[in-house]
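Structure at a glance
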Amino acid sequence: MKKQKATKKDVKVKPWQKLSPSTNPLLGNDVQSLQLSIVNHLEFSLAKDEYSATLLDGYKSLVLTVRDRLIERWVETQQTYYNQDVKRVYYISMEYLVGRLLGNAMLNLGIEKELQKAIQELGFDIHTLQERAAEAGLGNGGLGRLAACFLDSMATLELPAFGYGIRYEYGIFSQKIVNGQQTECPDSWLRYGNAWEIERPEFIYIVKFNGRVHQYTDEKGNLKTEWLDTDDVIAMAYDTPVPGYRTNTVNNLRLWGAKSSRAFNLEYFNHGDYEKAMLEKIESETISRVLYPKDDFYEGQVLRLKQEYFLVSATLQDIIRRYKKAHTKGQLFKDFADKVAVQLNDTHPSLAIPELMRILLDEEGLSWKKAWEVTEKTFAYTNHTVLPEALEKWSVKLIAKVLPRHLQIIYECNSRFLDSVRLSHPNDFARLQNLSIIEEGQDKKVRMARLCIVGSHSVNGVSALHTEIIKSHLFKEFYELWPEKFNNKTNGITPRRWLKLCNPGLSGLITEKIGDKWVSDLTKLKKLNGLAEDSQFQKQWQKVKLENKKRLAKYILQTNGIKVNPNSMFDVHVKRIHEYKRQLMNALHVITLYNSIKADPQGDFAPRTVIFAGKAAPGYFIAKLIIQLITSIANVVNSDQEIGDKLKVVFLENYSVALAEKIIPAADLSEQISTAGTEASGTGNMKFALNGALTIGTLDGANVEMREELGDENIFIFGLKT
């Protein structure tokens, strides 16, 4: 690595006058400026030189170099939002499956070629450095990836948007396949730090749990409520920049880390009880330790509930702080819903509704009527599932213990709501029971999806079919009450990551033929229709596909020790392992193919490589058994010399965004075979189609709309309809 430092120039800077890229040799986007920035970060940020720098140091210096070029836009974007007093959208999600950020940031900044050359001349390989990056353990599946795509798209559209989530220390888990079975290991993605994030110790908020509710009448005769004797946890902010594609907009993803309100009990420590001295700190910080802890036992349920409230409490405190900063006391909350839009990504953040009510009622002194008006206009809710087991319900007893004031508010909300229903449907007790937020029974439960519907002004499904199921079956009575609330917003994907970044060969070919406007407007891809019968274009396209398959075949050989034929059909089924996603049916199909080949070894078979990947929830016994079945089938098929290249079966462990970026460009056939009526939308189906794979599937989720776009000849539909 060449030794190269930024030199001091005669630049006179006034207080608070910023250096610009033209006057600061560390901020330019030319090769030399990038090299100067990388080398200076190695020495002054990491205390390394060309002799001691490791690959990880090289990666961190590269990240800091790219981050430097985002920070000025980041700061200016946020200040512009303040200056223009814009309405902001706040997206609250338990998951953000953001993947590796370096490639996406370079792409959006437009500095890929310059950085690649700069790092190569310094003696590093940029692809090797990128592989050193740990993926942020902030999500599990489609819900989190959708959230990440939304953030990218909102920044590209230059919308004033904020993402809020939890900074999980370990994520969900790292999957290992041991003796054919899934084994869960800690996902220590923060082991070497996170160079992208900026810690914000100035933004900390107290989040309360447990305690008791005290009500009294003040001197003016007004009922006042206090939440006392609580157990407090501190939420501290960590910010990550979210750049738009070739724009000056850089939005923010703010993640909350849990910190103890007291580091440790010094009295216990001084008496030698070191474990007890640290106990409170450990218990408090467990809240942001792991994504989706097992909740099939009481302590796990308590932790899950605390996580969800921790997220919304810190977020709403932050939103209100920002709102108050821009508004005088006389205007407070009068125009709150005109300046603040909060999108609830599924029911996980549903406690935001009673939490905002609590703040407005107990802390800001609004009347119930005014507080409810503000709340309903502020929130919108995205439903992601029709599966009963995935529609969250929390025990009334549990909420009463952990969030006693919120339970009071939920009951009051439900009572007022049911009173309004009685006016329009007197004596219709069955309807009241179906609509009630509280599910009656021996163990009463709060039905969180109903809370979201009642407390929001907009409720959307995530595909046309899913929305119709919501309106006609799942929430039929609510739709009859408020048809104007319900609408459809079909899920989508960002073409930046899911074509231009992950498939440079194909994206380069497309740009060569039709220009690059498609990167931010996918409708431009229709221009390719005129090339469908062009034999030269077909050959170029096939060459790109074969190269992608060779890369994946190399990866499969390295990780699984299985040699697959790149000229075979890559039949791909990658997603969360679940019965309704029907990996089991696909496994049975593989057995059928195997038996057919064994029965007629000389028959005319199209060579096929069947590729599975996906995680099973730790407590989901059947899903884990399906993985074991697939790996057992693979052992039989792959070791049968008579079968040879006619059929191979591969299960790739630890499915992630980075792995998806290897698999999806190489796929020939996309398996989207969920039981009709169960997949709300799906986004993997779109990613495969965008990269040129044909789809086999059911008329479920977004497959319906994909068929309309692709045409019947490019999608193979089977099975029952909803």
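Preceding this paragraph is the structure being described.
I will try to describe carefully the structure that is included in this document. (Residues numbered from 1 in each chain as written. Predicted model: local features only at pLDDT ≥ 70, side-chain atom pairs only at ≥ 80, totals over all residues. Heavy atoms only, no water.)

Let us now look at the packing of aromatic side chains. Per the stated rule, a full pass over the model turns up 17 aromatic pairs. Following the ring pairs from residue to residue traces out a cluster consisting of Tyr90, Phe162, Tyr164, Tyr205 and Trp256. Positioned over the ring face of Tyr82 is Arg88, at 4.7 Å from the centre of the ring. Directly above the aromatic system of Phe570 lies the positively charged group of Lys549, at a separation of 4.8 Å from the ring centroid. (Phe/Tyr/Trp six-rings, centres within 6.5 Å; stacked < 30°, edge-to-face > 60°. Lys NZ or Arg CZ within 6 Å of the ring centre and 35° of its normal.)

In this approach a probe as big as a water molecule rolls over the atoms, and the regions it shows empty are the leftover space. All chains considered together, the criterion is met by 7 cavities of 30 Å³ or more. Estimated volume of the largest cavity: approximately 280 Å³. If you go around the largest cavity, you meet 23 residues; those closest to its centre are Tyr59, Ala134, Trp189, Gly193 and Asn194. Elements with a contribution of two residues or more to the lining of the largest cavity: α2 (55–84) and β9 (250–260). With 3 residues, the single largest contributor to the lining of the largest cavity is α2. Class assignment for the residues of the lining of the largest cavity results in 14 nonpolar, 4 polar and 5 charged. Of the voids in this model, the second largest cavity is the one considered here, and its volume is about 240 Å³. Lining the second largest cavity are 18 residues, with Val98, Leu101, Asn104, Val242 and Pro243 positioned closest to its centre. Of all the elements in the fold, those that place two or more residues in the lining of the second largest cavity are α3 (102–109), α6 (142–156) and β8 (231–243). (1 Å grid on protein atoms, 1.4 Å probe; cavity = no way out; pocket = protein on both sides within 12 Å on 5 of 7 lines; lining within 4 Å. Points joined across faces, edges and corners; volume = space filled by probe spheres on them. Helix = DSSP H or I, 4+ residues; strand = E, 2+ residues; numbered from the N terminus. Nonpolar A, V, L, I, M, F, W, Y, C, P; charged D, E, K, R; others polar.)

Before going further, it helps to examine the pairing of strand β20 (residues 669–672). In β20, alternate side chains face the same way, and those of Leu669 and Glu671 on one face and Ser670 and Gln672 on the other are all buried. When β20 meets strand β21 (residues 694–697), the two strands line up parallel, connected through 4 bridges. By the bridge assignment, Ser670 is partnered in β21 with Thr695. Taken together, β20, helix α25 (residues 684–690) and β21 form a β-α-β motif whose crossover is right-handed. (Buried < 20%, exposed > 50% of the residue type's maximum accessible area, 1.4 Å probe, protein only. Pairing = 2+ DSSP bridges. Right-handed = clockwise from strand over helix to strand, strands pointing away.)

What follows concerns the pattern of salt bridges. This model, assessed by the stated rule, comprises 41 salt bridges. For Lys662, the salt bridge identified is with Glu131, shortest N-O distance 3.7 Å. You can see Lys662 sitting in helix α24 (residues 657–663) and its partner Glu131 sitting in helix α5 (residues 126–131), a full 531 residues away along the chain. For Glu131, a relative accessible area of 47% translates into the label partly exposed. Taking the shortest distance from any N to any O, the salt bridge between Arg200 and Asp239 comes out at 3.0 Å. In this pair, Arg200 is assigned in strand β5 (residues 198–209) and Asp239 in strand β8, connecting sequence segments 39 residues apart. What emerges from the salt-bridge pattern is a single network uniting Arg200, Asp239, Arg254, Asp318, Arg321 and Arg322. (Salt bridge = Lys/Arg side-chain N within 4 Å of Asp/Glu carboxyl O.)

Okay, the sheet that holds strand β19 (residues 647–652) next. Spatially, 6 strands are ordered β19-β18-β17-β20-β21-β22 in an open sheet, and the strand pairing comes out parallel. Of all the strands in the sheet, the pair left with one neighbour each is β19 and β22 (715–717). On average, adjacent strands in this sheet sit at an angle of 20 degrees to one another, irrespective of strand direction. Across 6 bridges, strand β18 (residues 608–613) lies against β19 in parallel orientation. The partner of Ala613 across the bridge, within β19, is Leu652. Most of the contacts of helix α21 (residues 535–560) go to β19, to which it runs at about 70 degrees, and overall it touches β17 (569–574), β18 and β19. Seen against the sheet, helix α22 (residues 583–599) touches β17, β18, β19 and β20 and runs at an angle of roughly 155 degrees to β18. (Axes fitted to C-alpha atoms, helices over the stretch in contact; angles between N-to-C directions. Contact = heavy atoms within 4.5 Å.)

It is worth stressing that arrangement in space is one thing and function is another; only the former is reported here.
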